[in-house]
Amino acid sequence: MDQALSFSLLAAVGLLIGIFSGLLGIGGGTVIVPVFRLAFGMSALASTATSLFVIVPTSLAGAAARIRQKACILPLGLAAGLGGALTSVAGVWLSSVSPAWLVMVVAAAVITYSAATMLVQAARLKEARLVDGEPVAGGGPGSSGTAAGGGRLRLSPSQVAVGFPIGLAAGLVAGYIGVGGGFLMIPLMIAVLGVSMKEASGASLVAMVILAIPGVVGHAALENIDFLAGIAVAAGSVPGAVIGARLVKRVPERALRFVFGGFLIVAAALLVLNELGLWAK
């Protein structure tokens, strides 16, 4: 494939990934990895490493937009990011000594679990009383910490500290399978802290900026990153993340959760199809 055409296609894919990243609070690795594997024939290790590289600028753009909009719990994101930064390099090392099929199987399994968790949480919101698309206090599962009328949640220091162990788990998985970890952090933040999808996704973007950097450094040292492909995707994903972040206030909470869960299921299915050889390359 012509190099200019490949760059343009990757940038176009990056734009779509960036919109979903800014909207849902994920780094986009759950789609970037299958795209690199399926459409461009990259190895599992190069796909995960390059994906993690793209996640840094994409998440940074989305996080900055969310902070400006006050649609982010910044202390929670910082706590989760610091936890993840401590374990992401370990995940990178594990991926470098694991067989390619195992990396993809673990990715599909973890993503599927996160998708199922989010869909269950979304289904439970049908019991909640909604105001302008937001669950209000006392309205049902998943709405315990949100103020009436969609006001922002105020977390205590002990609640913010919970972000640290969540980040530890997300960082290990992120380094191993080359994703930002948002698909794991967001369901955990919602389930454990009772924050809304919008609040959790904003914090997730902040966390991913921090936790992905050590993993990128580790992969770069091992020469696993295809920088040209990564820059091409980032050329589209950075402006896309800003667009997605602007859309977040227009989408109802329950719809966001269903979209997030469905997004992950598609990504996991693509990974499985690829590794079983059921997708023509």
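Look above for the structure.
(A) Region of interest: the layout of surface pockets. Looking at the second largest pocket, its volume works out to about 170 Å³. Around the second largest pocket, the lining residues are Q3, S6, F7, L10, F40, M42, D226, L228, A229 and A232. Of all the secondary structure elements, the ones that give two or more residues to the lining of the second largest pocket are helix 1 (3-24) and helix 10 (227-247). If you tally residues by element for the lining of the second largest pocket, the top one is helix 1, at 4 residues.

(B) Inspection of the environment of A268 at higher detail. If you trace the backbone, A268 turns up in helix 11 (residues 253-275). C-alpha of A268 to C-alpha of V31: the two residues are 237 residues apart in sequence and 8.8 Å apart in space. Apart from the residues lying within four places of it in its own chain, the contact partners of A268 are A108, I111 and T112.

(C) Structural view of helix 8 (residues 182-193). Its 12 residues place the ends of helix 8 15 Å apart at the C-alpha level, agreeing with the 16 Å of an ideal helix rising 1.5 Å per residue. Of all 12 residues in helix 8, 9 are buried; the element is thus mostly enclosed. For helix 8, the complete set of buried residues consists of G182, F183, L184, M185, I186, P187, M189, I190 and L193. Looking at the residues trailing helix 8, positive phi occurs at G194, about 75°.

(D) Main features of helix 5 (residues 100-124). For helix 5, spanning 25 residues, the distance from its first C-alpha to its last is 37 Å, which sits close to the expected 36 Å at 1.5 Å a residue. Among all positions in helix 5, only V103, M104, A107, A108, V110, I111, S114, A115, M118, Q121 and A122 are buried.

(E) Highlighting unusual backbone geometry. A positive phi angle is found at K70, which is not glycine, with a value near 60°. Inspection of the secondary structure puts K70 in the loop between helix 3 (44-68) and helix 4 (74-97). Its identity as a non-glycine residue notwithstanding, E223 has a phi of 60°, on the positive side.

(F) Fine view of a nonpolar patch on the surface. Residues F7, F227, L228 and I231 make up a contiguous nonpolar surface patch of about 360 Å² in total accessible area. Counting residues per element, the nonpolar patch draws most heavily on helix 10, which supplies 3 residues. Within the secondary structure, F7 is located in helix 1.

The rules behind each value
- Residues numbered from 1 in each chain as written.
- Predicted model: local features only at pLDDT ≥ 70, side-chain atom pairs only at ≥ 80, totals over all residues.
- Heavy atoms only, no water.
- 1 Å grid on protein atoms, 1.4 Å probe; cavity = no way out; pocket = protein on both sides within 12 Å on 5 of 7 lines; lining within 4 Å.
- Points joined across faces, edges and corners; volume = space filled by probe spheres on them.
- Helix = DSSP H or I, 4+ residues; strand = E, 2+ residues; numbered from the N terminus.
- Contact = heavy atoms within 4.5 Å.
- Expected span 1.5 Å × (residues − 1).
- Buried < 20%, exposed > 50% of the residue type's maximum accessible area, 1.4 Å probe, protein only.
- Patch = residues over 30% accessible without salt bridge, like charges linked within 9 Å, V, L, I, M, F, W, Y side chains within 5 Å.
- Areas by Shrake-Rupley, 256 points an atom, 1.4 Å probe, with all protein chains shown as cover.
- Salt bridge = Lys/Arg side-chain N within 4 Å of Asp/Glu carboxyl O.

Keep in mind these numbers describe shape, not what the thing actually does.
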